[in-house]
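# Coordinates in review
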Amino acid sequence: MTTTAPGSVNSRDFLPASPGAPGSVGKVTAQMRNAVIAAIGRERTLTEPTRLRTYECDGITGYRVVPALVALPETTEEVAAVVRICADYGVPFVARGAGTGLSGGALPVVDGVVIGLARMRRILDINAADQRMVMEPGVTNADISRAVAHLDLYFAPDPSSQTVCTIGGNVAENSGGAHCLKYGFTTNHIYALTVVLADGSVVTVGGDGLDDIGPDLRGAFIGSEGTLGIVTSITVRLLRKPQSVRTLVADFPSAEHAGDAVSGIIAAGIIPAAVEMLDALAIQACEQAVHAGYSLDTAAALVVELDGPEAECDEGFELVKDICTRAGTTKIRIAADPDERMRVWKGRKAAFAAMGRISPDYYVQDGVIPRTRLGEVLSRIDAMAADAGLRVANVFHAGDGNLHPLVLYNAAVAGESERGEHLSTAIAELCVELGGSITGEHGVGTDKACSMPKMFTEDDMDTMKRLRAAFDPAGISNPGKLFPTPRLCGEKPGKYAPHPLEAAGVIDRG
Ligand SMILES: Cc1cc2nc3c(=O)[nH]c(=O)nc-3n(C[C@H](O)[C@H](O)[C@H](O)COP(=O)(O)OP(=O)(O)OC[C@H]3O[C@@H](n4cnc5c(N)ncnc54)[C@H](O)[C@@H]3O)c2cc1C
């Protein structure tokens, strides 16, 4: 790690554990507001209640807190200046990218500051020969690939929100997407980060390779959900576009049969670019919304995509067809051209937003199970849904066991919202019981902090808090997230409402 003024993180490496809960009692005073205005200008310092409300929630619209002040810096130096002011006044701050997070990570802290990074969207360097690119945190995920498409390069992690979400948010959440099965999550594609720590010092973690000498500080920052500091510049790894891409949709008489096909594909040593599963209810919704050409009379469908050198891709594709046949597929549809492939993917990616076609309200869950237990977990979810008198649609990254059960309910019917929320939490905890995780890609944030003890012991969490305290001893960088606090765990979120961009059809959940 390299450090620039005003201090080095090394001197604080062994500080006592902080509780990880809000560590500050400071408030935004008129004097502090003037200091921020002096640092970044009046027009980028928001204090009017109507403008502050824009920042009151992220993609989890049930949790809302209006911040005391929003700062919109445009450079690392400006971020550092604002953070230093927060540190001086003991006021907590929360970094915010596009606000599409689905775990309440960018939820403001009461009386705190939001530091919005969306104006920092410059691409600083493209190095085609070394396949790397340096950029500011507000660049959207899709814009990275767009900027290098003419060089036959692209950025592999592909969250469904990629047209809007920022690379800073992707780093903080270690985001995934359909193609992360083969290519890995965000963490596998980041070389270096410039970070403003909670005292305003600026450090660089990582370097030219993915495997630095010494402790993996770059790895510590990726997925830390804004609790270790604010990322202001990112060096990403670019991949060369594959020579060939082949995509099929295979129908199955049950989700268990489809699960068997997934296990068979992986056991055969094939690493598909993506393996996605949709059940009958999800197919019904997305056909109504998008007309992707999925079969309406099937219990489950797999979307399997292979990519790579043409000969390898063709051989693997034949094997995948064989494995699907042996697992009992009733129909295989092969995308004949890039347009048909896009239609298949549009269906999969629209599936979450399409739930509105079959249910007035729904909760999105994000859990992980060992892939081999796919059939078992789906049967248990069915039974739990029947007990709760609710329907659950399943759309998920089957290849890496990342489930996204959608619990459908009608908030207008007394008790359904509570039953839906309870069922959704019970599904996440079932994932842990089966040896999986409470989150695959959406993060812990505010929403799942209370479920952390289901996965981790007090000792585990103390270790995480000590790491956090090494970077942020005062606990002012996104406090109250990740770790359970009595206040947080006593609160209930409000009713789910679609993210404004989701309602406008710009992005969909997945
Ligand atoms: C419709 C929809 C579909 C989605 N699909 C996927 C998907 O397929 N895969 C997936 O993984 N996620 C998905 N998500 C979740 C979300 O888009 C990702 O978590 C994304 O990475 C968040 O980026 P953001 O810029 O919106 O971050 P925000 O929501 O603004 O912030 C998320 C977290 O990152 C922190 N943060 C933001 N910027 C910085 C920074 N520069 N430095 C330090 N911390 C920072 C915040 O404090 C917060 O804790 C989806 C969300 C929606 C609404």
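The coordinates are above.
Residues numbered from 1 in each chain as written. Predicted model: local features only at pLDDT ≥ 70, side-chain atom pairs only at ≥ 80, totals over all residues. Heavy atoms only, no water.

Summing up its helical and strand segments, the protein has 17 helices and 21 strands in all. The dimensions of the protein, computed from C-alpha atoms along their principal axes, are 70 × 60 × 45 Å. A buried classification covers 57% of the 510 residues belonging to the protein. Each charge class in the protein can be summarised by its mean position, and for the 46 positive and 62 negative side chains these summaries are 5 Å apart. (Helix = DSSP H or I, 4+ residues; strand = E, 2+ residues; numbered from the N terminus. Buried < 20%, exposed > 50% of the residue type's maximum accessible area, 1.4 Å probe, protein only. Lys, Arg positive; Asp, Glu negative; His and termini not counted. Charge placed at Lys NZ, Arg CZ, Asp CG, Glu CD.)

Residues Glu458, Asp459, Asp460 and Asp462 make up a contiguous surface patch of negative charge. Note that Asp462 resides in helix α15 (residues 458-471). Using a relative accessible area of 34% as the deciding quantity, one classes Asp462 as partly exposed. (Patch = residues over 30% accessible without salt bridge, like charges linked within 9 Å, V, L, I, M, F, W, Y side chains within 5 Å. Areas by Shrake-Rupley, 256 points an atom, 1.4 Å probe, with all protein chains shown as cover. Salt bridge = Lys/Arg side-chain N within 4 Å of Asp/Glu carboxyl O.)

Let us now look at the pairing of strand β10 (residues 202-206). Two faces make up the sheet, and in a regular strand the side chains alternate between them. Looking at chain direction, strand β9 (residues 190-196) and β10 are connected through 5 bridges and run antiparallel. The residue of β10 that forms the bridge with Val195 is Val203. Once β9 ends, the chain turns through 5 residues before running back antiparallel as β10, passing Gly200 with a positive phi of about 95°. (Pairing = 2+ DSSP bridges.)

As a further point, take the packing of helix α8 (residues 255-267) against helix α10 (residues 310-326). Packed helices, taken two at a time, are described by the angle their axes make and the gap between the axes. In contact at an axis separation of 9 Å, α8 and α10 are set at 145° when each is read in the N-to-C sense. Like other packed secondary-structure pairs, α8 and α10 cross with a definite hand, here right-handed. Residues Ala261, Gly264 and Ile265 of α8 form the contact with α10, whose participating residues are Val320, Ile323 and Cys324. (Axes fitted to C-alpha atoms, helices over the stretch in contact; angles between N-to-C directions. Left-handed = near helix turned anticlockwise from the far one by under 90°. Contact = heavy atoms within 4.5 Å.)

On to the environment of Gly440. Among the secondary structure elements, Gly440 is positioned in the loop between α13 (416-433) and α14 (452-455). Given a relative accessible area of 22%, Gly440 falls into the partly exposed group. Not counting residues up to four positions away in its chain, the partners in contact with Gly440 are Phe185, Asp366, Val368 and Asn402.

This paragraph deals with the environment of Ala388. Checked against the element boundaries, Ala388 lands in helix α12 (residues 374-388). What makes Ala388 buried here is its relative accessible area of 14%. Along the chain, Ala388 and Val262 lie 126 residues apart, while their C-alpha atoms are 29 Å from each other. In this structure Ala388 touches Arg419 and Leu423, once residues within four positions along its chain are discounted.

The backbone phi angle of Glu225 is positive, close to 55°, even though this residue is not glycine. Along the chain, the position of Glu225 falls in the loop between α7 (217-221) and β11 (230-237). Positive phi, close to 50°, is recorded for Asn478, a residue that is not glycine. Position of Asn478 among the secondary structure elements: in the loop between α15 and α16 (486-490). You can call Asn478 buried: its relative accessible area is 2%.

Right, let's get into helix α9 (residues 280-290). For an α-helix, the turn length of 3.6 residues means that residues three or four places apart are oriented alike. Restricting attention to buried positions, one finds in α9 the residues Leu281, Ala282, Ile283, Ala285, Cys286, Glu287 and Val290. For α9, the elements touching its buried residues are β14 (274-279), β15 (300-308), α11 (338-350), β19 (391-397) and β21 (405-409). Positive backbone phi, approximately 55°, marks His291, located one or two places after α9.

Our focus in this paragraph is the side chain of Thr446. Structurally, Thr446 can be placed in the loop between α13 and α14. By relative accessible area, which is 3% here, Thr446 ends up buried. Among the polar contacts listed, one links the side chain of Thr446 to the backbone oxygen of Gly104, at a separation of 2.7 Å. (Polar contact = N/O pair within 3.5 Å; in protein donor to acceptor, adjacent residues only side chain to side chain.)

Orientation of α12 relative to α13, taken along the N-to-C sense of each, is 155°, at an axis distance of 11 Å. Between α12 and α13, the crossing angle belongs to the class labelled roughly antiparallel. As for the relative orientation of α12 and α13, their crossing is right-handed in sense. From α12, Val377, Arg380, Ile381, Met384, Ala385 and Ala388 reach across to α13, where they touch Arg419, Leu423, Ala426, Ile427, Leu430 and Glu433. (Parallel < 35°, antiparallel > 145°, perpendicular 65-115°, else oblique.)

Time to look at the nonpolar core. Note that soluble globular proteins tend to have their nonpolar side chains buried in a common cluster. Grouped together as the largest cluster of nonpolar side chains are 42 residues, with contacts concentrated most on Met277 and Leu302. Among the elements that make up this core, the one with the highest residue count is α12 (6 residues). Grouped together as the second largest cluster of nonpolar side chains are 27 residues, Ala282, Val290, Ala351 and Val395 included. (Core = buried A, V, L, I, M, F, W, Y, C linked by side-chain atoms within 4.5 Å.)

The tally for this structure, following the rule as stated, stands at 3 aromatic pairs. Ring geometry for Tyr154 against Tyr183: centres 6.5 Å apart, planes inclined by 85°, an arrangement best described as edge-to-face. Of this pair, Tyr154 sits in strand β8 (residues 153-154) while Tyr183 is found in helix α6 (residues 180-183), placing the two residues 29 residues apart along the sequence. For the pair Tyr154 and Tyr183, one class covers both residues: buried. Residues Tyr363 and Tyr409 carry aromatic rings whose centres are separated by 4.6 Å and whose planes lie at 20° to one another, so their mutual orientation is stacked. Linking Tyr363 in strand β17 (residues 361-364) with Tyr409 in strand β21, this pair joins segments that are 46 residues apart in sequence. Comparing Tyr363 with Tyr409 shows no difference in burial state: the two are buried. Positioned above the aromatic ring of Tyr191, the side-chain terminus of Arg132 is 3.9 Å from the ring centre. (Phe/Tyr/Trp six-rings, centres within 6.5 Å; stacked < 30°, edge-to-face > 60°. Lys NZ or Arg CZ within 6 Å of the ring centre and 35° of its normal.)

This paragraph deals with the pattern of salt bridges. For side chains of opposite charge, pairing can occur when their charged atoms come near one another. Using the criterion set out here, one finds 20 salt bridges in the structure. Across the pair Arg122 and Glu136 runs a salt bridge, and its minimum N-O distance is 2.5 Å. You can see Arg122 sitting in the loop between β5 (113-116) and β6 (123-127) and its partner Glu136 sitting in the loop between β7 (132-135) and α4 (141-148), a full 14 residues away along the chain. Of the residues examined, Glu136 reaches a relative accessible area of 4% and is grouped as buried. A salt bridge links Arg333 to Glu340; its shortest N-O distance comes to 2.9 Å. Under the relative-accessibility criterion, Arg333 is labelled buried at 14%.

Functional significance is not addressed by these values, which are geometric in nature.
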